[in-house]
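Reading the structure
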Amino acid sequence: MPEVLVLIERVEVDGVREVTKPSLELLTIARRLGDPSAVVIGSPDADVAGTLKKYGAAKIYSVSTGEGAEDAGVSGYLVAPEAEVLAQLIEKTSPAAVLVVSTGRGKEIAGRLAVKTESGLITDAVDVTAADGTPTTKQSVFAGSFVVQARVTKGTPIITVKPNSVTPEEVDGAGSDVAEEAFAVTISDAAKGAKVTGAEPRKASGRPELTEAAIVVSGGRGTGGDFEPIQAFADSLGAAVGASRAAVDSGWYPHSFQVGQTGKTVSPQLYVANGISGAIQHRAGMQTSKTIVAVNTDEEAPIFELVDFGVVGDLHTVLPAATDAINRG
Ligand code: FAD
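One structure accompanies this document, and this report is about it. (Residues numbered from 1 in each chain as written. Predicted model: local features only at pLDDT ≥ 70, side-chain atom pairs only at ≥ 80, totals over all residues. Heavy atoms only, no water.)

Side note on the layout of surface pockets
In this model, the largest pocket occupies a volume close to 1200 Å³. Lining the largest pocket are 40 residues, and of these E9, R10, V11, T20 and R105 sit closest to its centre. Looking at the lining of the largest pocket, the elements that each hand over two or more residues are β2 (10–13), α3 (72–75), β6 (97–101) and α5 (104–117). In terms of residues, the lining of the largest pocket owes the most to one element, α5, which gives 5 residues. (1 Å grid on protein atoms, 1.4 Å probe; cavity = no way out; pocket = protein on both sides within 12 Å on 5 of 7 lines; lining within 4 Å. Points joined across faces, edges and corners; volume = space filled by probe spheres on them. Helix = DSSP H or I, 4+ residues; strand = E, 2+ residues; numbered from the N terminus.)

Structure below.
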């Protein structure tokens, strides 16, 4: 089986480095295409390596320039060195595909890698299969009006996959014969053009990251500016909070939580839209959610065309009642 390179993202939460959930999703997808090889910048500690093995990594590359355990020679600079690392690994392994998480950062790495290796690039895939042995992707385009299938026809398929496209699956009996291999790289001076001068670890808010969350509870203009019921309901479900553009433009919730065409794209297992009409630009950011629920006072609201379950009612009444019921168990 050919290798499939998966660029692993780690995040520091409360001083502990963890593999992000979207990286585990990539390992699950990689298993459909070949043998997943996890690419870790620096050396993974035992917990990280254990998690990667549990989710199906057949090999782990610990990438090193020799500049310290966390490898400042790569992670001390912005983006470009990671593209060089992956290009060198493509040279070494001739993989069936390279998978990267579809964040702004991930897409920049993938774009640079595609140019460097003269390979085709597909961004924002929501599914990847190995039809006829070739990686084949699905993407939602034109604000969700079409789902297209695509394949890379030149070089190594480089694919960025949106978070929450699949559920990460553990592998039975994984880990027994996983090879851990140190991979020494040399980074060019050109790739060291932008240096990281400071980093603040993400503060644990108690809520999951919006684009990674399995459940998202969003509020729109119908909140009238009161996000308290939205947040309380989200917390009862362990969900992230999102917002429509009308809500963020009114200054009711920070811009970084906007869902939609000009905001974040989410694809959770469950999306609950409260006081949101369902404009096409909002749908573009959430319509690939697996189950959609809406609470709206207007039974004619366009959001109801999209939902699996709809509640016609005032969110200020419906949400506190639902929160109460969930919290009571
Ligand atoms: P509204 O459309 O005003 O809907 C409010 C809804 O709340 C109504 O359906 C109403 O019936 C309901 N309601 C009122 N009171 C209650 C209550 N008490 N309980 C329950 N329901 C209630 N929008 C985005 O969201 N994300 C984007 O990324 C985005 N990008 C855009 C990009 C462009 C180029 C443009 C032109 C627009 C963009 N928009 C985006 C804006 C979009 O067109 C809509 O204006 C916006 O989504 C509307 O937000 P809303 O649904 O919260 O408000």
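Concerning the site of the ligand
In the vicinity of the ligand lie 26 residues, with R221, S244, T262, S277 and N296 positioned nearest. Contact distances for the ligand include 2.6 Å between a nitrogen atom and a side-chain N or O atom of T262. One nitrogen or oxygen atom from the main chain of G275 is found 3.0 Å from an oxygen atom belonging to the ligand. Taking 980 Å² as the accessible area of the ligand by itself, protein coverage stands at 73%. Breaking the shell around the ligand down by element, the ones donating at least two residues are α7 (245–249), α8 (280–283), β15 (291–296) and α9 (315–328). Tallied by class, residues from the shell around the ligand come to 6 nonpolar, 16 polar and 4 charged. (Near = heavy atom within 4 Å. Polar contact = N/O pair within 3.5 Å; in protein donor to acceptor, adjacent residues only side chain to side chain. Areas by Shrake-Rupley, 256 points an atom, 1.4 Å probe, with all protein chains shown as cover. Nonpolar A, V, L, I, M, F, W, Y, C, P; charged D, E, K, R; others polar.)

So, the pattern of salt bridges
Applying the stated criterion across every chain yields a total of 17 salt bridges. E118 is the partner of K154 in a salt bridge, and the nearest nitrogen-oxygen pair spans 3.9 Å. Linking K154 in the loop between β9 (146–150) and β10 (158–161) with E118 in the loop between α5 and β7 (121–129), this pair joins segments that are 36 residues apart in sequence. Across the pair R245 and D249 runs a salt bridge, and its minimum N-O distance is 3.2 Å. (Salt bridge = Lys/Arg side-chain N within 4 Å of Asp/Glu carboxyl O.)

Here's the deal with the packing of aromatic side chains
Two descriptors summarise a pair of aromatic rings, namely the distance from one centre to the other and the angle between the planes of the rings. For the coordinates displayed, the defined rule picks out 3 aromatic pairs. Aromatic pair Y61 and F183: ring centres 6.1 Å apart, planes at 65°, arrangement edge-to-face. Here the residue Y61 occupies a position in strand β5 (residues 59–64), and F183 occupies one in strand β11 (residues 179–184), the gap between them amounting to 122 residues. Judged by its relative accessible area of 0%, Y61 is buried. Here the aromatic rings of F227 and Y253 are separated by 4.5 Å at their centres, their planes lie at 20°, and the arrangement is stacked. Remark: Y253 occurs in the loop between α7 and β14 (270–274) and F227 occurs in the loop between β12 (215–219) and α6 (228–237); sequence separation between them is 26 residues. (Phe/Tyr/Trp six-rings, centres within 6.5 Å; stacked < 30°, edge-to-face > 60°. Buried < 20%, exposed > 50% of the residue type's maximum accessible area, 1.4 Å probe, protein only.)

Taken by themselves, the reported measurements are silent on function.
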